Amino acid sequence: MLADAMAGHGDPDEALDITDLDPELVDIFCEEGGDLLDHSDGLLAHLRENPSEREHLVGLQRDLHTLKGGARMAGIMAVGELGHAMESLLEAVVEHRSELGRDGIPLLERGFDRLHAMVTRVSERRAIAMPEALIAEFDARAKGRTYEPAAEVYERPVHIQPKAELKPLSAPMDSQPTGEDDDTSVRAPQEQVRIRADLLDRLVNYAGEVAIYRSRLEQQLGAFRGAMGEMEQTNARLRDQLRRLDIETEAQIIARYQREDTADATFDPLELDRFSNLQQLSRGLAESAADLTSLQGSLEDLTRQYETLLLQQSRVSSELQEGLMRTRMVPFDALVPRLRRVVRQAAGETGKNVQLKLEGAQGELDRNVLERMTAPLEHMLRNAVAHGLEAPSERKKHKKNEEGTIRIAVRREGSEVVLEVGDDGAGLNRNAIRKRAEERGLIRSDAVLADADLDALIMEPGFSTADTVSRLAGRGVGMDVVASEVRQLGGALDIKSREGQGTTFTLRLPQTLAVTQAVFVKIGETTYAVPIASVRGVGRISRDQITGEESYTYGGEAYGLHDLGLLLGHAAAKAEGQLQMPLLLIRSGELRAAVSIDQVVGNREIVVKPVGPQVGSVPGIFGATIMGDGSVVVILDVAPLVRRQASMPRDVAPQPQPEARRVPLVMVVDDSVTMRKVTGRVLERHNFEVATAKDGVDALEKLDERVPDLMLLDIEMPRMDGYELATAMKADARLRNVPIIMITSRTGEKHRQRAFDIGVERYLGKPYQEHELLRNVFELLAEQGGPRNG
C-alpha cells in the first residue's frame with residue numbers, strides 16, 4: 001500500500017516544523033526514545049524465541065507507555081499515536097482479549113521499526129507523517145477484527161501540539177498524564193550522564209599525557225637515585241682517604257715532638273694538638289666529609305619521600321586512566337538493535353525468513369572499534385541475507401529449516417577482539433566467483449587456485465556474482481568495504497565456507513585501548529613494544545636448534561618458530577653476546593608462535609598513541625608510545641605478521657633488508673663518576689653506544705649480558721682493579737678478543753709493562769686528549785673489522 005511504501009515518512013527533503021515545539025525537549029525525547037526502542041528490540045527478540053512469555057509482553061507494554069507519554073509531551077503526536085495503538089494491542093494480548101497469532105510478532109517488528117525511523121527523522125529535524133494505515137492495522141488486531149486496507153491510503157500531516165500545552169521540562173516523561181490510567185509498574189528513569197565523544201577522547205589523551213610525564217619523573221628519579229649511590233661510594237672513598245691522612249698527620253706530630261726539644265712536657269702531643277697548616281687542612285677536610293655525609297642523608301630522606309609521593313600519584317593516575325577507559329568501553333549490545341533492524345529490513349526486501357542469534361554480545365568493546373565496525377557489520381549482514389541464505393522453498397527442498405539463521409559471536413583473544421559473522425546458507429558459490437573473476441581479468445582461465453584464494457576474491461573492489469542489481473546486491477560494494485576497514489584498523493579477515501552448510505567470516509581486530517601493559521624487545525638497535533595480553537611467556541633455545549627445528553614446545557603446546565627481524569623485513573635476530581636465542585611466545589586464538597628476538601628489555605605500562613591511517617593500515621602495527629626520555633617506540637601486534645607470512649607463498653616470502661652497519665658498543669669502566677660521564681659524552685658525540693661500570697665486579701656482571709666492541713679501563717678501583725678485570729677477560733674465550741685501552745693516572749713504566757703483559761692493547765695517561773683517545777678507538781675497531789658480529 002502507498003502508506004507502507006512511504007514507510008511513515010513525510011517528504012524526505014521536507015524539514016520538520018518545530019515552530020510550536022521546544023527544541024530542547026524534542027532532543028531529550030529523541031535521546032530517551034532511542035534508548036527505549038533499543039531496549040524494546042531486545043525484548044522483541046526474546047519474544048520471538050518464546051512467544052508465550054508474558055514478561056516480555058509486559059516489558060514491551062511499559063516501554064511503549066513511556067515512549068507514548070514522552071512523545072505527547074514533546075508534541076510529536078505521530079509517534080504518540082502509533083505507540084498508543086501498539087500498546088493497546090499488547091494490553092489486549094496480556095489480558096487475553098486478543099492473540100498475537102503467527103503474524104503478530106512480524107507486525108510488532110514493523111511497528112517498532114517504524115517508530116525508530118520516525119524518532120530518527122525527528123532527531124534530524126526531518127518531517128514525518130501520521131502512519132494511519134499502520135495505526136489502523138494495530139487497532140483492528142487489538143479489537144480482534146481482520147484489517148482490510150483501503151485501496152489507496154494517503155498519510156495526513158502530523159498534528160503539532162501547541163507549545164503552550166507542553167508540560168514542564170522537570171517532570172519525568174513516563175509520569176505525565178496521558179488520558180488513561182498510568183501503569184503502578186512503569187520503570188523508573190535511570191540516572192545517566194551524556195558527554196560528547198570528542199571530549200572523552202581528549203580526557204583519555206590527557207590522562208595518557210599524565211602517565212607519560214609520570215614515567216619521565218620516575219626515570220629521572222631513578223637517575224637521581226643512581227647518582228645518590230655514586231655519591232655514597234665517593235663519600236666512602238673520601239672518608240677512607242681522610243682516615244689514612246689522619247694517621248699520617250698524627251705520625252708526623254709524634255715524630256716532630258720527638259725531634260724537637262720542647263719545654264712544656266705536661267701534655268702528650270696527641271692530648272694537646274699542635275697543628276701545622278697541613279694538619280689543620282686535614283681536620284677541616286674531615287669535618288667537610290662529615291657534612292657531606294649528613295647532606296647525603298638529607299637527600300636520601302627527600303628522595304624516599306618523593307618516591308612515596310610518586311607511588312601514590314601513580315596509583316591515582318592508574319585509577320583515573322582505568323576509569324576513563326571504562327567510560328570508553330561500550331557493550332556490543334548497544335549495536336544489536338541496529339543490526340536486528342538491518343536483518344529485518346533485508347529479509348523483508350528479499351522475502352526470506354531470517355533469525356539473528358548472538359553470542360557474547362554482553363562483552364564490551366572500545367567505542368572506536370565499535371563505531372568503525374558498524375558499517376562493515378551491516379554490509380556483512382546484508383550480504384548474508386542477499387547472497388548467503390536461500391529462499392524458504394529452496395531451504396525446504398534441501399531439508400533445512402525454512403527460517404535461516406545468521407550468527408554473530410564476540411570474544412576476546414589476547415590483545416585481539418574477534419567477531420564472527422556466520423550463516424547456515426548455501427555457502428560461497430566458488431564456480432560463480434571463478435567465472436566472474438575470469439570475466440574481469442583477475443585470474444587466468446588455466447590458473448589453479450585453492451579454495452581460500454578463490455574465497456578471497458570476493459573482497460576485490462567492485463566484485464559481485466549477482467546477475468541483477470537490486471537494493472541489496474549486485475553493485476560490488478560490501479566485502480571490499482569490510483576488508484578495507486579491517487586493514488585500516490590493523491586487523492585480519494578470514495573466510496571459511498562449506499558448500500550447503502554456510503559461510504563464516506572471522507574478523508580479528510586489535511584492542512585499541514589507550515593504556516596497556518607491554519613487553520619491550522630489541523631487534524638490532526631498534527626497540528619495539530608488544531602488548532603483554534598476547535604474550536604467553538619468554539623462552540630460550542640454543543642457536544643450533546633454531547635452524548633445525550620448526551617448533552618450540554612450551555606448556556605442552558607446539559609453537560611455530562619465526563624470526564621477528566624477518567617478519568619486520570629487517571636482518572635476522574642474532575642475540576649477540578648471548579649463549580641462547582631468546583624467544584617471545586605469542587598466543588592469539590589458535591595461533592601459537594615462538595618469535596626469536598635479540599633481547600628482552602623488560603615490561604611496563606604504556607600509553608597507546610594512534611599513528612594515523614597511513615601507518616595504522618600496515619599489518620602488525622598496533623600503535624606507538626612515547627617513552628620517558630621522549631623517544632617514540634612502535635607497538636607491534638605480532639599475530640598478523642605471523643599470519644601474513646604464513647599466507648604468503650614461499651617464493652614471495654618477505655626478504656630481509658640489507659643489514660645496516662651496527663653502532664659500536666664501548667664500555668667505560670672507572671670508579672670516578674665524572675670520568676665515566678665525560679668519556680661517555682665524548683664517545684656518544686661520535687656516534688658510539690656507551691655502557692658504563694663502576695668497578696671490575698660491576699663490569700663482569702654486565703659482560704654476562706652483552707659483549708662490547710671495545711673497553712676503556714681504569715686501574716685503581718674498589719672490589720676489583722683494572723689489572724684483575726683485564727686478566728679475567730683474557731682468560732675467557734668469550735671476552736678475550738675485546739680490545740682494551742687502559743686510561744690511568746699511573747703512567748710509570750712498571751704499570752705500563754704489566755698492562756701489556758696481561759694483553760692490554762693501548763695504554764693512555766690521565767688526563768687524556770680527546771683526539772688521542774678517539775684515534776686509538778678508531779684504530780682498534782678498524783683492526784677488529786668494525787663492530788663485533790657475535
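Preceding this section is the structure that the text describes.
Residues numbered from 1 in each chain as written. Predicted model: local features only at pLDDT ≥ 70, side-chain atom pairs only at ≥ 80, totals over all residues. Heavy atoms only, no water.

> Give me a nonpolar patch on the surface: which residues, what numbers.
On the surface, a cluster of nonpolar side chains totalling about 480 Å² of accessible area is made up of Val193, Ile195, Leu199, Leu203 and Tyr206. When you line up the elements, tyrosine 206 lands in helix H7 (residues 197–259). (Patch = residues over 30% accessible without salt bridge, like charges linked within 9 Å, V, L, I, M, F, W, Y side chains within 5 Å. Areas by Shrake-Rupley, 256 points an atom, 1.4 Å probe, with all protein chains shown as cover. Salt bridge = Lys/Arg side-chain N within 4 Å of Asp/Glu carboxyl O. Helix = DSSP H or I, 4+ residues; strand = E, 2+ residues; numbered from the N terminus.)

> Help me get a handle on unusual backbone geometry, residues and values and all.
Backbone torsion omega between lysine 766 and proline 767 reads -10°, so that peptide bond is classified as cis. Structurally, proline 767 is set in the loop between strand E22 (762–765) and helix H23 (770–784). The phi angle at histidine 96 is positive, at roughly 60°, despite the residue not being glycine. Relative to the helices and strands, histidine 96 is located in the loop between helix H4 (77–94) and helix H5 (104–123).

> Please set out the nonpolar core residue by residue, giving values where relevant.
When a protein is soluble and globular, its nonpolar side chains tend to lie buried together. Formed by 45 residues in total, the largest nonpolar core has its most connected members in Phe332, Leu381, Ile458 and Leu507. The dominant element in this core, judged by the number of residues it contributes, is helix H10 (residues 367–388), at 8 residues. Each residue touching isoleucine 458, except ones within four places of it in the same chain, is listed here: Leu428, Ile433, Phe463, Met479, Asp480, Ile495 and Phe505. One finds Leu21, Leu64, Leu89 and Ala142 within the second-largest nonpolar core, a separate group that totals 42 residues. (Core = buried A, V, L, I, M, F, W, Y, C linked by side-chain atoms within 4.5 Å. Buried < 20%, exposed > 50% of the residue type's maximum accessible area, 1.4 Å probe, protein only. Contact = heavy atoms within 4.5 Å.)

> Please set out the sheet that holds strand E13 (residues 580–588) residue by residue, giving values where relevant.
The mixed open sheet is built from 5 strands, whose spatial order is E10-E13-E14-E12-E11. One side of each edge strand has no neighbouring strand; the edge strands of this open sheet are strand E10 (535–542) and strand E11 (551–554). Shown here is a sheet whose adjacent strand axes are inclined to one another by a mean of 35°, direction ignored. One ladder, built from 4 bridges, connects strand E12 (residues 557–563) with strand E14 (residues 591–596); its direction is parallel. Following the sheet pairing, histidine 562 is matched in E14 by valine 595. (Pairing = 2+ DSSP bridges. Axes fitted to C-alpha atoms, helices over the stretch in contact; angles between N-to-C directions.)

> Help me get a handle on the pattern of salt bridges, residues and values and all.
All told, the structure shown has 51 salt bridges when counted by the stated rule. In this structure, aspartate 240 and arginine 243 form a salt bridge, with 2.9 Å as the shortest nitrogen-oxygen distance. Placement of the pair is aspartate 240 and arginine 243 together in helix H7, with a separation of 3 residues, close to one helical turn. Note on aspartate 240: relative accessible area 30%, which makes it partly exposed. Notably, a salt bridge pairs arginine 592 with glutamate 557, separated by 3.3 Å at the nearest N-O pair. Of the two residues, arginine 592 sits in strand E14 while glutamate 557 sits in strand E12, which places them 35 residues apart along the sequence. Since its relative accessible area comes to 27%, glutamate 557 is described here as partly exposed. One salt-bridge network, held together by shared partners, links Arg762, Glu772, Arg775, Glu779 and Glu783.

> Account for helix H20 (residues 696–703), naming residues and giving values.
Every buried residue belonging to H20 is among Gly696, Asp698, Ala699 and Leu703, and all of these are buried. All buried residues of H20 lie within an arc of 160° about the axis, which places them on one face of the element. Near the N-terminus of H20, the side chain that reaches the backbone nitrogen of valine 697, with its oxygen 3.1 Å away, is that of aspartate 695. (Arc of directions from axis to C-beta. Polar contact = N/O pair within 3.5 Å; in protein donor to acceptor, adjacent residues only side chain to side chain.)

> A description of the pairing of E22 should follow, citing residues and the corresponding values.
Pairing between strand E21 (residues 740–744) and E22: 4 bridges, direction parallel. The residue of E22 that forms the bridge with threonine 744 is glycine 765.

> So what about the environment of leucine 774? Which residues, and what values?
Structurally, the position occupied by leucine 774 is in helix H23. In the structure, leucine 774 is positioned 88 residues away from histidine 686 in sequence and 8.8 Å away in space, judged by C-alpha atoms. Excluding anything up to four places from it in sequence, leucine 774 contacts Val682, Leu683 and His686.

> Account for the packing of helix H2 (residues 23–49) against helix H9 (residues 336–350), with residues named and values stated.
Interhelical geometry of H2 versus H9 gives an angle of 60° and a closest axis separation of 9 Å. Put simply, H2 runs oblique to H9. Judged by the twist between their axes, the crossing of H2 over H9 is left-handed. Between H2 and H9, the residues in contact are Asp38, Asp41, Gly42 and Ala45 and Val336, Pro337, Arg340, Arg341 and Arg344, respectively. Considering only residue class, the contact of H2 with H9 consists of 3 nonpolar, 1 polar and 5 charged. (Parallel < 35°, antiparallel > 145°, perpendicular 65-115°, else oblique. Left-handed = near helix turned anticlockwise from the far one by under 90°. Nonpolar A, V, L, I, M, F, W, Y, C, P; charged D, E, K, R; others polar.)

> Help me get a handle on the sheet that holds strand E20 (residues 710–713), residues and values and all.
Spatial strand order, E19-E18-E20-E21-E22: 5 strands in an open sheet with parallel pairing. Two strands lie at the open edges of the sheet, namely strand E19 (689–693) and E22, each paired on one side alone. Strand-to-strand twist across the sheet, computed as the mean angle between neighbouring axes with direction ignored, equals 20°. Relative to E19, strand E18 (residues 665–669) runs parallel, the two sharing 5 bridges. Across the sheet, the residue bridging to valine 669 is alanine 693, located in E19. Contacting E18, E19, E20 and E21, helix H19 (residues 673–685) runs over the sheet at an angle of about 165° to E19.

> Break down the packing of H19 against H23 for me, with residues and values.
When two helices pack together, their arrangement is given by the angle between the helix axes and by the axis-to-axis distance. Taken N-terminus to C-terminus, the directions of H19 and H23 make an angle of 60°; their axes are 11 Å apart at the nearest point. As judged from the angle between their axes, H19 and H23 are oblique. Considering the relative orientation of H19 and H23, their crossing is right-handed. Every residue of H23 that contacts H19 at Thr679, Val682, Leu683 and Arg685 is listed here: Glu770, Leu773 and Leu774. Tallied by class, residues from the contact of H19 with H23 come to 4 nonpolar, 1 polar and 2 charged.

> Could you give an account of the packing of aromatic side chains, naming the residues involved and the relevant values?
Centre distance and the angle of the planes are the two values used to describe a pair of aromatic rings. A full pass over the atoms with the stated rule returns 3 aromatic pairs. Ring geometry for phenylalanine 688 against phenylalanine 778: centres 5.4 Å apart, planes inclined by 45°, an arrangement best described as tilted. Placement of the pair is phenylalanine 688 in the loop between H19 and E19 and phenylalanine 778 in helix H23, with a sequence separation of 90 residues. In this structure phenylalanine 688 comes out as buried when scored by relative accessible area, which is 6%. (Phe/Tyr/Trp six-rings, centres within 6.5 Å; stacked < 30°, edge-to-face > 60°.)

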